[in-house]
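Residue strings, one per chain:
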Amino acid sequence: MKKILIGSFLVLFSSQAYATEKFDGVITKHAEEWGVNQCIQEIQKMDSFLNGKGGASGAWSSAPKNSPSDRIFSSLNIRKYNDGTWGYATLSIAPGVDGNCDSTLMQMVTFPGKSCNEVRETIYKDYKYNSELAGKSVYESGTTKAVLEELGGNCISIRYETLYPSPK
């Protein structure tokens, strides 16, 4: 889980290891059930990113009943990682321009018993300070932005990324 957070989503999926891998996780199955075809490769990449490693996961997904491949597909994914952390993610994928698909990913991960300073110095060590938003420091790595929130000796990270286009 920690390795996932270090690099941005775009960098992760540009690697050859993911280029030929087909992943049929819960989000991919939901898209197929809804009849989403146009962005299925991109959905599989996101599904693999969120659920490809060990740990229990589940998702709720939705798409329009009429022309589901022509409009936005969205999913809420919950995952318990093997190290005891929890990840909550929302993703949205929709047809974009030139036959590509665009996507957003917002991921919140809990770090029980870890301070945000510890999380910042280990998992987010490659992120640079970007700005302040409503009194919170925003860190950035590539196209990914992150905010860390301290809650009673625990840390919650919130990451957000928009991809134009989403990697296939």
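Conventions adopted
- Residues numbered from 1 in each chain as written.
- Predicted model: local features only at pLDDT ≥ 70, side-chain atom pairs only at ≥ 80, totals over all residues.
- Heavy atoms only, no water.
- Helix = DSSP H or I, 4+ residues; strand = E, 2+ residues; numbered from the N terminus.
- Buried < 20%, exposed > 50% of the residue type's maximum accessible area, 1.4 Å probe, protein only.
- Contact = heavy atoms within 4.5 Å.
- Areas by Shrake-Rupley, 256 points an atom, 1.4 Å probe, with all protein chains shown as cover.
- Core = buried A, V, L, I, M, F, W, Y, C linked by side-chain atoms within 4.5 Å.
- Arc of directions from axis to C-beta.
- Salt bridge = Lys/Arg side-chain N within 4 Å of Asp/Glu carboxyl O.
- Pairing = 2+ DSSP bridges.
- Disulfide = S-S within 2.5 Å.

A. Geometry of the overall build of the protein. If you tally the helices and strands in the protein, you get six helices and eight strands. Shown N-terminal to C-terminal, the secondary structure of the protein runs as helices and strands in the order α-α-α-α-α-β-β-β-β-α-β-β-β-β. Counting all 168 residues of the protein, 43% fall into the buried class. For the protein, long-range pairs separated by at least 24 residues make up 56% of all intrachain contacts whose partners lie at least 6 apart in sequence. Split by element, the accessible area of the protein, about 8700 Å² in all, is 53% carbon and sulfur.

B. Molecular detail of the nonpolar core. Membership of the largest hydrophobic core comes to 17 residues, with the highest contact counts inside it found for Ile-27, Ile-43, Leu-50, Phe-73, Leu-91, Ile-93 and Leu-105. Contributing elements (two or more residues each) for this core: α4 (26-34), α5 (40-51), β3 (86-95) and β4 (101-111). In terms of residue count, α5 provides more of this core than any other element does, five residues in total. Among all residues touching Leu-50, those that are not within four sequence positions of it are Ile-27, Asn-77, Arg-79, Tyr-81, Ala-89, Leu-91, Leu-105 and Gln-107.

C. Region of interest: α4. When α4 is considered as a whole, its buried residues turn out to be Ile-27, Thr-28, His-30 and Ala-31. For α4, the arc enclosing every buried residue in end-on projection is 160°, short of the 170-degree limit, so these residues lie on one face. Contacts from the buried residues of α4 go to α5, β1 (56-62), β2 (73-80) and β3. Taken from the residues just after α4, Gly-35 is the one with a positive phi, measuring 85°.

D. Inspection of the pattern of salt bridges at higher detail. Within this structure, the stated rule accounts for three salt bridges. For Glu-149, the salt bridge identified is with Lys-136, shortest N-O distance 2.8 Å. Of the two residues, Glu-149 is situated in strand β7 (residues 144-151) and Lys-136 in strand β6 (residues 136-141); the sequence distance between them amounts to 13 residues. Note on Glu-149: relative accessible area 23%, which makes it partly exposed. Glu-161 serves as the salt-bridge partner of Arg-159, at 4.0 Å between the closest nitrogen and oxygen. Take Arg-159 and Glu-161: they sit in the same class, and that class is buried.

E. Looking closely at the pairing of strand β8 (residues 154-163). Of all ten residues making up β8, seven are buried, and the element is well covered by its neighbours. Both β4 and β8 contribute to a ladder of nine bridges, which runs antiparallel. By the bridge assignment for β8, Gln-107 is matched with Arg-159. Sheet topology places β7 next to β8; eight bridges connect them, and they run antiparallel. Following the sheet pairing, Ala-146 is matched in β8 by Arg-159.

F. Fine view of the state of the cysteines. Taken as a whole, this structure holds two disulfides when the rule is applied. The disulfide bridge from Cys-116 ends at Cys-155, spanning 2.2 Å between sulfur atoms. Linking Cys-116 and Cys-155, the disulfide has an S-S dihedral of approximately 100° and is accordingly described as right-handed. Taken as a pair, Cys-116 in helix α6 (residues 116-122) and Cys-155 in strand β8 lie far apart in primary sequence, 39 residues in all. Both residues of the pair, Cys-116 and Cys-155, belong to the buried class.

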